[in-house]
Amino acid sequence: MRKVRFGIDIDGTVTCPTSLLPHINAQFGCNLILDDIKEYDLTKAFPVDEKEFYEWYRQAETTIYETSPAQEYAKMILSEWREHYELYYISARGKNVADCTLDWFEREEIPYDHIELIGSHHKIETAKKFIVDAFFEDKHDNAVDIHEELQIPVLLFDTPYNRNPIPEGVIRVTNWQEADQWIKKLFPIEEKVN
């Protein structure tokens, strides 16, 4: 019998949702905090030309990913889960940042079974392909779409940019400890009998 398999987003889910802000503030002379980010599209939070922003982002992407801190308790909980579940990271990052992504996972000692960088926010097909049993996400529409299409629980990590209503089956969590509590209810770990 195969282990329960989780599909896990990286940015804003395993990494802190504030990871980008120091880089944006330094580049564009802003003083943004997470509460200023009310939409997933960061260009809506401050006056910036979208083209200029995305050109900068492409150049800064590797540095941003290399310096992103992991969310509190992510490493500890994912390490515990690794004993009982399969950890498949499915990210909108492109293959161009595969090396720095793998380096980050190794350096941060975040366990994984597989990392899939799809270069798109459309994660449904990849989640289907890997037959994931639950998903972890910070992008509201992804969480809802994945749940509705695959009929699996999706844990949505709460941020100011994803506070639209959610259907039953999408579970809003504020941190990795809360995610752990839900997972233990949804996918109880069977005790081994000697």
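Scroll up to find the structure this text is about.
Quick caveat, the model's predicted, so the values are computed rather than measured. (Residues numbered from 1 in each chain as written. Predicted model: local features only at pLDDT ≥ 70, side-chain atom pairs only at ≥ 80, totals over all residues. Heavy atoms only, no water.)

Asks: Now, about the layout of surface pockets: what can you tell me, with residues and values included?
Replies: Over the atoms a probe the size of a water molecule is rolled, and this reveals where empty space is left. Quantified by volume, the largest pocket comes out at close to 680 Å³. The dominant element in the lining of the largest pocket, judged by the number of residues it contributes, is helix H2 (residues 50-67), at seven residues. Classifying every residue of the lining of the largest pocket gives 15 nonpolar, nine polar and nine charged. (1 Å grid on protein atoms, 1.4 Å probe; cavity = no way out; pocket = protein on both sides within 12 Å on 5 of 7 lines; lining within 4 Å. Points joined across faces, edges and corners; volume = space filled by probe spheres on them. Helix = DSSP H or I, 4+ residues; strand = E, 2+ residues; numbered from the N terminus. Nonpolar A, V, L, I, M, F, W, Y, C, P; charged D, E, K, R; others polar.)

Asks: Can you lay out the packing of aromatic side chains for me, pointing to particular residues and giving the numbers?
Replies: As enumerated under the stated definition, the model contains 22 aromatic pairs in all. Geometrically, the ring pair formed by Phe 28 and Phe 46 is tilted, given 5.5 Å between the ring centres and 55 degrees between the ring planes. Within this pair, whereas Phe 28 is found in helix H1 (residues 21-28), its partner Phe 46 is found in the loop between H1 and H2, the two being separated by 18 residues in sequence. Each member of the pair, Phe 28 together with Phe 46, is buried. Here Trp 81 and Tyr 85 contribute two aromatic rings whose centre-to-centre distance is 6.2 Å and whose plane-to-plane angle is 90 degrees, an arrangement assigned as edge-to-face. (Phe/Tyr/Trp six-rings, centres within 6.5 Å; stacked < 30°, edge-to-face > 60°. Buried < 20%, exposed > 50% of the residue type's maximum accessible area, 1.4 Å probe, protein only.)

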